[in-house]
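# Residue-level structural notes
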Amino acid sequence: MKMKSLLVRGVFLLLFVACSNNDDVVAPEINSAVNIKAIEDELLGIVNTHRESLGYAPLQYSAVAYQYASTHNDYMIARGSLSHDNFNARASDISSVTNAELVAENIAKDYVNAAEAFQGWLQSPDHRKTMEANFTHTAVSVKKDGEGTIYYTQLFYR
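Residues numbered from 1 in each chain as written. Predicted model: local features only at pLDDT ≥ 70, side-chain atom pairs only at ≥ 80, totals over all residues. Heavy atoms only, no water.

### Quick notes on the packing of helix α1 (residues 36-53) against helix α4 (residues 114-123)
Packing of α1 against α4 brings their axes to within 9 Å, and their N-to-C directions diverge by 40°. Regarding the angle of α1 to α4, the classification is oblique. Here α1 and α4 pass one another in a crossing that is right-handed. In this structure, α1 uses Ile 39, Glu 42, Leu 43, Ile 46, Val 47 and His 50 to contact α4, whose residues at the interface are Ala 114, Ala 115, Ala 117, Phe 118, Trp 121 and Leu 122. Of the residues in the contact of α1 with α4, the class split is 10 nonpolar, one polar and one charged. (Axes fitted to C-alpha atoms, helices over the stretch in contact; angles between N-to-C directions. Helix = DSSP H or I, 4+ residues; strand = E, 2+ residues; numbered from the N terminus. Parallel < 35°, antiparallel > 145°, perpendicular 65-115°, else oblique. Left-handed = near helix turned anticlockwise from the far one by under 90°. Contact = heavy atoms within 4.5 Å. Nonpolar A, V, L, I, M, F, W, Y, C, P; charged D, E, K, R; others polar.)

Okay, structure coming up:
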């Protein structure tokens, strides 16, 4: 797990963290037909339910954040590993389009469903802090590589 904070041009703060379930046991359903859209929707719902249980406002879906999260999943799949490469550019682009002042990112892989990915993030203090922070918008992209490994990118902004 990693977390870094950067102040870029005094305009917005960038936060990002990564999580992976590196258990040696891979569930057999990971290579079967996976409804990626259902995982994305479920994970967004779980994050919002968690936020609401703490008295925080739910996050609104952002098509802009989804576009950048999806592109980043493609990048990680091409590399075969988790990465926050080019986060500054993603955050800057999101900020330019949405006027966001704060952008953050959680990434993960090797979780076979939304509940497992959420639990992995929840158990990590850095991921949890990001999910519970004062953000207004988000999107979750989930993609599967050719070997069945599922990658997750969730972008947050306000």
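Continuing now.
### What about the packing of aromatic side chains?
Scanning the model with the defined rule gives two aromatic pairs in all. An angle of 45° between the planes, with centres 6.3 Å apart, marks the rings of Tyr 61 and Tyr 66 as tilted. Looking at Tyr 61, the relative accessible area reads 48%, which means it is partly exposed. Taking the centre distance of 5.5 Å and the plane angle of 40° together, the rings of Phe 135 and Phe 156 count as tilted. Placement of Phe 135 in the loop between α5 (125-131) and β5 (137-144) and of Phe 156 in strand β6 (residues 150-157) is noted, with a sequence separation of 21 residues between them. Like Phe 135, the residue Phe 156 is buried in the burial classification. (Phe/Tyr/Trp six-rings, centres within 6.5 Å; stacked < 30°, edge-to-face > 60°. Buried < 20%, exposed > 50% of the residue type's maximum accessible area, 1.4 Å probe, protein only.)

### A look at helix α2 (residues 63-79)
A rise of 1.5 Å per residue sets the reference length of α2, with its 17 residues, at 24 Å; its end C-alpha atoms lie 25 Å apart and thus fit the reference within 8%. Where α2 is concerned, the buried positions are Ala 65, Tyr 68, Ala 69, Ser 70, His 72, Asn 73 and Met 76. Buried residues along α2 sit against α3 (87-98), β4 (102-109), β5 and β6. Capping the start of α2, Ser 62 holds a side-chain oxygen 3.3 Å from the backbone nitrogen of Val 64, two or three residues further along. A positive phi of about 80° marks Gly 80, the residue just after α2. (Expected span 1.5 Å × (residues − 1). Polar contact = N/O pair within 3.5 Å; in protein donor to acceptor, adjacent residues only side chain to side chain.)

### Looking at the pairing of β6
With respect to burial, β6 is a largely interior element, eight of its eight residues being buried. Because side chains alternate across β6, one face comprises the buried residues Ile 150, Tyr 152, Gln 154 and Phe 156, and the other comprises Tyr 151, Thr 153, Leu 155 and Tyr 157, equally buried. Inspection of the sheet shows β4 paired to β6 by seven bridges, in the antiparallel sense. Bridge pairing in β6 links Glu 105 to Leu 155. Across eight bridges, the pairing between β5 and β6 is antiparallel. In the strand pairing of β6, Val 140 is matched with Gln 154. In this structure, the hairpin formed by β5 and β6 is closed by a connection of five residues, where Gly 148 is found at a positive phi of approximately 95°. (Pairing = 2+ DSSP bridges.)

### Thoughts on the environment of Phe 156
Judged by relative accessible area, Phe 156 falls into the buried class, the value being 0%. As for Phe 156 and Ala 104, which are separated by 52 residues in sequence, their C-alpha atoms are 5.1 Å apart. In this structure, Phe 156 is in contact with Leu 59, Leu 102, Val 103, Ala 104, Glu 105, Asn 106, Thr 130, Met 131, Phe 135, His 137 and Thr 138, ignoring residues within four places of it in sequence.

Don't take any of this as a statement about function, it's just geometry.
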